[in-house]
Structure formats: C-alpha cells, structure tokens
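# Structural overview for review
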Amino acid sequence: MSLTLHGIGASKGIAIGKVHVLNHEDVEITEYCVPKQHLDDEVTRFRNALAIAQEQLRRVRDKTPKNKSVDIAAFIEVHLMMLDDSMLTIAPIELIRTHQCNAEWALKTQCSSIVQVFEQMDDPYLSARKNDIEQVVARVQRILRGFIQSPAEMGEEYFNHAIVLAEDLSPADTVLMQHYGILGFATEYGGATSHTAILARSLGIPAIVGLRRARSYIRPDDIIIIDGSQHVVIVEPNEPILNYYRQRQRDEKRQRAALGKFRTAPVVTRDGTPITLQVNIEFPEDMDAVKRVGGEGIGLYRTEFLFMNRDPPPTEEEHLDAYLQVLRALKGGPVTIRTLDLGADKQIDSKRPEKPVASNPALGLRAIRLCLKEPKLFKPQLRAILRASAHGQVRLLIPMVSGLQELVQVRKMVAEVQTELNQKAIPFNPQMPFGIMVEVPAMAICVDLFAPYVDFFSIGTNDLIQYTLALDRIDNTVNYLYDPLHPAVLRLIKISIEAANHANKSISMCGEMASDSRYIRLLLGLGLRSFSVHPEAFLEAKKIINNTDLTGLAPLATQVVKTCSPGEISRLVETINA
Ligand code: PEP
Ligand code: MG
C-alpha cells in the first residue's frame, strides 16, 4: 500500500526512483576480549577492512570527474596515503595481539594516540590533519561494523539514478551526490533556505527536507516519488499514482521547454521599464545552466563552494582559474564575486568542522567575520578577484557586513592587496566596484549611512529573514515562522531600496525571495529593479517581469507593508499577482 509523507519542498520537480538510505548514526565502540586462538582471525578481519577501505577510496577517486573545480581526487589521495601508513596498518595489529582486544577497540585506541600527537602541533595545517585521520578511521570502523555511510565512501554506482534519504545532508555531500547523478533527495532535518536546499534548487534536483522520522517509514530499495512542488514523498506508489506522476513529469518538461521562448527576450516590463535579471551560481560548471537559460550576468557567485570537499583551501591560482572560467563563459558579461561565506551551515565538510562548533553558529564566526580573522584564507581570494578584474567586468561583494568597522578593515585589506599587485606589476582594475550584502537587519536599517562607502548593495533575504525573525534557517522546528511576507522583512527591504535609490547606489536582490515567482511583482512594487535568481528560476522570472505592468503596483505594495494580518497580506499579494 502506498503512503504519503509531508515535509518542506526544498526544490521543485518530480523524481521517481529507488531509495538509497544514508546512515549517519554513531554507535559507541566497546572493547571485548578475543580468545588467543582467534587472534589471527581478528587480525585478518582488520586487514580485510583496511583493504576494503582502500578499494572504496580508489574506486571513488578513479570515478571522480577530472574537470570539476571541487578537488575531490586530491582529498581522497590524502586518505589513501594514511591507509598505507604503518601507524594504521601495523600499530593496531600489535594492540590486538598484546591486549587480546577486538579490532574496533585497537583502532580506536590507536586513533586517540595519533590525534593527541596532531593536536599538540603548532602548525595549523598539520594539526588540521587530525580530522583526516578521524575520517579515515571512521571509514574503517564502519566497514568493521558493516555500516554504509557517506557519499564519498560509496562512489558513483550507488548514487546514479538513486533517490537519497538521509537524516541530513551537508552542502558538500549534496554536491558530490549531484556529480554522481542522484535523481532527488529527502532529509529528515533542514529548512527551505538551508544551503543544501538552495543547492538542490540551483542544481535542479527535486528535494524535500524536514521529513520527520522518514527513515522509520521508508526502507532501502523502496520505490518513492518526490514531489517538490507539493512538499510530499509518496512511498511504494501503485500503478495509477505512478502513471499520474510520469504524466506530470512530461508536463513539467513541456512547460520548461515553453519557457524557452523567453531565452533571448530582453527583460522589460509591459510599460517599458528595463529590469536587470542576473543569475546566482555556486560553481564555474553552473555556467552551462546559465547559458542554457540565456543568462548574461552573474549577480551572485557563492565562492565558498570552492572550499568544500577538498583540503587544503584553494590557492590564489585555483581561485583565479575558477573566476576566469566564469568570465570566459560570460563573454564580457558582469560577474559579482562574493567572498567566501563559510561558517554556520556551510562547514567545509559536515564531518570535519574547522573550529569547535559554536552554540549559535549563525551568529558566530561566519563570512566576513571569519575572513577578517583569517587573512591567510582571505587574502589569496582577494588577490585572485583583483587579478580577475583585469580580464572582465568583476564586482566584489562582501557577505554579512554589520558595521562600519568591518567595512574599513576590508577596504584596508583590499588596498594592501592592490599595493602588492602594483609592486609586482600585476594588472587589476583599480575601479572594481565594491559592494556589500544587505542580510543583517543592522545593515538594512542603515543603508543610507553605509551608502557613501560602497558602490552597490545586494539584498540577501535568506539571512535577512533568519536574523530579522530570530529563527535558524536550517532548523525545521521553527521553519513555520520563516516568512518572506512578514511586514518587518518587507519594511526592511523597502527602506533598503529607497535608501540606496536616494543615494544613487544600485541595489539588487540575490536571496531566494527573488527566485520565488510569488514575490517578483511585490518586489517590483516595492521598487526593486534588479534581481539575481538561480538558473532554474531564471526564465520563469523573466516571463513574470515581461508580463507585468508597473502602473498601480507601488500603492498595492505599500498597502502590504502597512498590515500585519497574514490573511490581508495574502489577499493583497494575490491581487498583485492576478
Ligand atoms: C542570502 O542570505 O540571502 C544569500 C544570498 O546568501 P546565502 O544564502 O549564501 O547565505
Ligand atoms: Mg546570506
């Protein structure tokens, strides 16, 4: 019998396929005594686990696409080297024999000793290697205990055409699985504007998040349907349901094809007002999708994804290479490169946090705060962005700025990098536009005060909503409060637009609200004239803009910000969209 489960639709579209369940539980490792006559078997069990781990990693490495900016292969190579080192191949066997203990316990004991040594190292690069050791050991432990866990461990064949069900997924895992060809995913946790959800939309993977206790109802190899638009997962559908969804898949494909006629159309409202419509990307490879929809400019390039699934951080040359790929693909179009926004839900790897987890990571050392504290991480990126500016229209965008002090510090660092480049006669554009995100309420309230210090603003509604309404964007228990139409959010957007216009500074919106077809006319009514949306939303957004007459929209939008009744707001938004 089929079963329907309700969650939060993170990414539209329909996926039909077999389920692959990812387990992330950590089970405690206990010690037990191995009788003397079984010690050889225990050693063999341990050696076999090492061999399987090596084999798994080699398989993943060999199947990793070589042309991807995410350097997965190098990351795997480090782990392979560790699996060949005597600290893991010999020492645990000596422990098994001398203590007559099980392989898991011997490995755990040896891992603790190695980690202790690494922790005492002063060199931050070397001390960070302890995370690699832990990951390698975790892999062997899982094999010893018969568990299957991370995408990197499983490799492409497990994911190709699978639907993944997991407790939660990191952005890093999502990227890997997209490379491996998953059809869709569902997670028990997460919200609609978590970065994993944003990635799913951007990559066009149907996804449901916040599907509570899903793993109690769905088993590996079940056939399920993910319906991202209706926020449901259907488990073991019968034939009529399957036929209905196959038909809907065909209809959606047709609708997408019909939007193709807007690909080359100019972006202009019915009354003749030109609107800027650009695209958000996470990887240089996204430029294929940008080209497909006819995008001519990048309004947000989230560069933090360059840092994921790899170690050490990207070099200046790797940054530059990625930016030049984007510039070349744009053939002269503008690209807004946002400096890295790591922290909160964008850890480099979910299982390998860079720092001890703060109690409120979204309010902690994130984005520009992290960059200013870690110039070694930030400066190579700044240098690369400046160098890229000599090759095309590059704009620099700084995330999560909340006060003047940060702005002054970033400006100072940019000036230092410019001096260094000048000394080496390396070309850059000294006039490269400098912009900041409006995603902390403090900034939205003070756009007028900050305007003299910047060339442009970009509104990040994902964080602006999170911080204005005091709710964690990845916490599905408070997700019901996440409301782009909350009057406080709309008022902050309105005053930001008005203040930027007044100061003659351009202002755009690159948060997910701009990609949501329900809000585009309202935003136009609030005065927004520049949008940056993910590739999948681009043609739909263009269609809406081109079918909109601005006359009469502003008074309706003003009425929306003057009411706090959700019913009245919905009615007004319906009128605006009618
Ligand atoms: C935003 O906060 O709206 C935004 C665009 O940035 P990110 O989603 O990467 O935090
Ligand atoms: Mg943000």
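These numbers come from a predicted model, not from an experiment.

The residue K331 is not glycine, and still its phi comes out positive at about 50 degrees. Structurally, K331 is set in the loop between helix 14 (316-330) and strand 11 (335-338).

With that out of the way, let us pick up the site of ligand 1. For ligand 1, the set of nearby residues contains 17 residues, the closest of which are R302, R338, G460, N462 and R473. The separation between an oxygen atom of ligand 1 and a polar side-chain atom of R302 is 2.7 Å. Within the contact set of ligand 1, an oxygen atom lies 2.8 Å away from a side-chain nitrogen or oxygen of R473. In terms of residue class, the shell around ligand 1 is built from four nonpolar, five polar and eight charged.

On to the pattern of salt bridges, then. Counting across every chain of the model gives 27 salt bridges. Between E316 and R387 there is a salt bridge, and its shortest N-O distance comes to 2.6 Å. Taken together, the residues E316 in helix 14 and R387 in helix 16 (residues 375-388) connect sequence positions 71 residues apart. As far as the burial class goes, E316 and R387 line up, both buried. Across the pair E416 and K379 runs a salt bridge whose closest N-O atoms are separated by 2.9 Å.

Around the magnesium ion (ligand 2), the protein supplies E439 (OE) and D463 (OD) as donor atoms, at distances of 2.0 to 2.1 Å. Of the two residues, E439 sits in the loop between strand 13 (434-438) and helix 18 (441-445) while D463 sits in helix 20 (residues 461-468), which places them 24 residues apart along the sequence. Judged on exposure class, the residue E439 and its partner D463 are both buried.

Before going further, it helps to examine the nonpolar core. For soluble globular proteins, the rule of thumb is that nonpolar side chains tend to be buried together. Within the largest apolar cluster, 124 residues are counted, with the highest numbers of intra-cluster contacts made by I298, Y301, I436, F457, I493 and F531. Residue assignment places this core across two domains, with domain 1 (3-23 + 151-240) and domain 3 (274-353 + 364-549) each supplying three or more. Look past the residues within four positions of I493 in its chain and what remains in contact with it is I459, T461, L464, M509, M513, L523 and L526. Counting 30 residues, the second largest nonpolar core, distinct from the first, contains L57, L95, F118 and L144.

This paragraph deals with the sheet that holds strand 2 (residues 8-11). Within the open sheet, the eight strands sit side by side as 1-8-7-3-4-5-6-2. Their pairing is mixed. The sheet terminates laterally at strand 1 (3-6) and strand 2, the two strands that pair on one side only. Along the sheet, successive strands turn relative to each other by an average axial angle of 30 degrees, direction set aside. Relative to strand 5 (residues 184-187), strand 4 (residues 162-166) is paired through four bridges, and the arrangement is parallel. From the neighbouring strand, I163 faces strand 5, where its bridge partner is G184. Each of strand 2, strand 5 and strand 6 (207-209) touches helix 10 (residues 195-203); the most contacted strand, strand 2, lies at about 55 degrees to it.

Quick look at the side chain of D227 now. Mapped onto the elements of the fold, D227 is located in strand 7 (residues 223-227). A polar side-chain atom of D227 sits 3.2 Å from the main-chain amide nitrogen of S229. Here Y245 takes part through its side chain, which lies 3.0 Å from a polar atom of the side chain of D227. Those residues within four positions of D227 in sequence are excluded, and the remaining contacts are G13, I14, I208, V232, Y245 and R248.

On to the environment of R518, then. Looking at where R518 falls in the secondary structure, it is placed in the loop between helix 22 (512-515) and helix 23 (520-525). Residues R518 and F457, spaced 61 residues apart in sequence, show a C-alpha to C-alpha distance of 23 Å. For R518, the residues in contact, after removing those within four places along its chain, are V573 and N577. Polar side-chain contacts of R518 include one of 2.6 Å to the side chain of D516.

What follows covers the packing of helix 4 (residues 91-99) against helix 5 (residues 103-119). Between helix 4 and helix 5, whose axes approach to 8 Å, the crossing angle comes to 125 degrees. One way to sum up the angle between helix 4 and helix 5 is to call them oblique. Judged by the twist between their axes, the crossing of helix 4 over helix 5 is right-handed. Across from A91, P92, L95 and I96 in helix 4, the residues of helix 5 making contact are A103, A106, L107, T109 and Q110. Residues belonging to the contact of helix 4 with helix 5 are distributed by class as follows: seven nonpolar, two polar and no charged.

Examined at the domain level, the protein breaks down into domain 1 (3-23 + 151-240), domain 2 (36-144) and domain 3 (274-353 + 364-549). Each of domain 1 and domain 3 has a C-alpha centre, and these two points are 27 Å apart. Across the contact, 23 residues belong to domain 1 and 25 residues belong to domain 3. Contact between domain 1 and domain 3 buries roughly 1900 Å² in total, counting both sides, with carbon and sulfur atoms accounting for 55%. Contact with domain 3 buries surface across domain 1, with T193, H195 and S202 losing the most and accounting together for 31% of the total. At the surface where domain 1 touches domain 3, the tally comes to one salt bridge.

Each value, and the rule that gives it
- Residues numbered from 1 in each chain as written.
- Chains lettered and ligands numbered in written order.
- Predicted model: local features only at pLDDT ≥ 70, side-chain atom pairs only at ≥ 80, totals over all residues.
- Heavy atoms only, no water.
- Helix = DSSP H or I, 4+ residues; strand = E, 2+ residues; numbered from the N terminus.
- Near = heavy atom within 4 Å.
- Polar contact = N/O pair within 3.5 Å; in protein donor to acceptor, adjacent residues only side chain to side chain.
- Nonpolar A, V, L, I, M, F, W, Y, C, P; charged D, E, K, R; others polar.
- Salt bridge = Lys/Arg side-chain N within 4 Å of Asp/Glu carboxyl O.
- Buried < 20%, exposed > 50% of the residue type's maximum accessible area, 1.4 Å probe, protein only.
- Donors = N, O, S within 2.8 Å, 3.2 Å for Na, K, Ca; no water.
- Core = buried A, V, L, I, M, F, W, Y, C linked by side-chain atoms within 4.5 Å.
- Domains from an automatic or database assignment.
- Contact = heavy atoms within 4.5 Å.
- Pairing = 2+ DSSP bridges.
- Axes fitted to C-alpha atoms, helices over the stretch in contact; angles between N-to-C directions.
- Parallel < 35°, antiparallel > 145°, perpendicular 65-115°, else oblique.
- Left-handed = near helix turned anticlockwise from the far one by under 90°.
- Buried area = accessible area lost by both parts, 1.4 Å probe.

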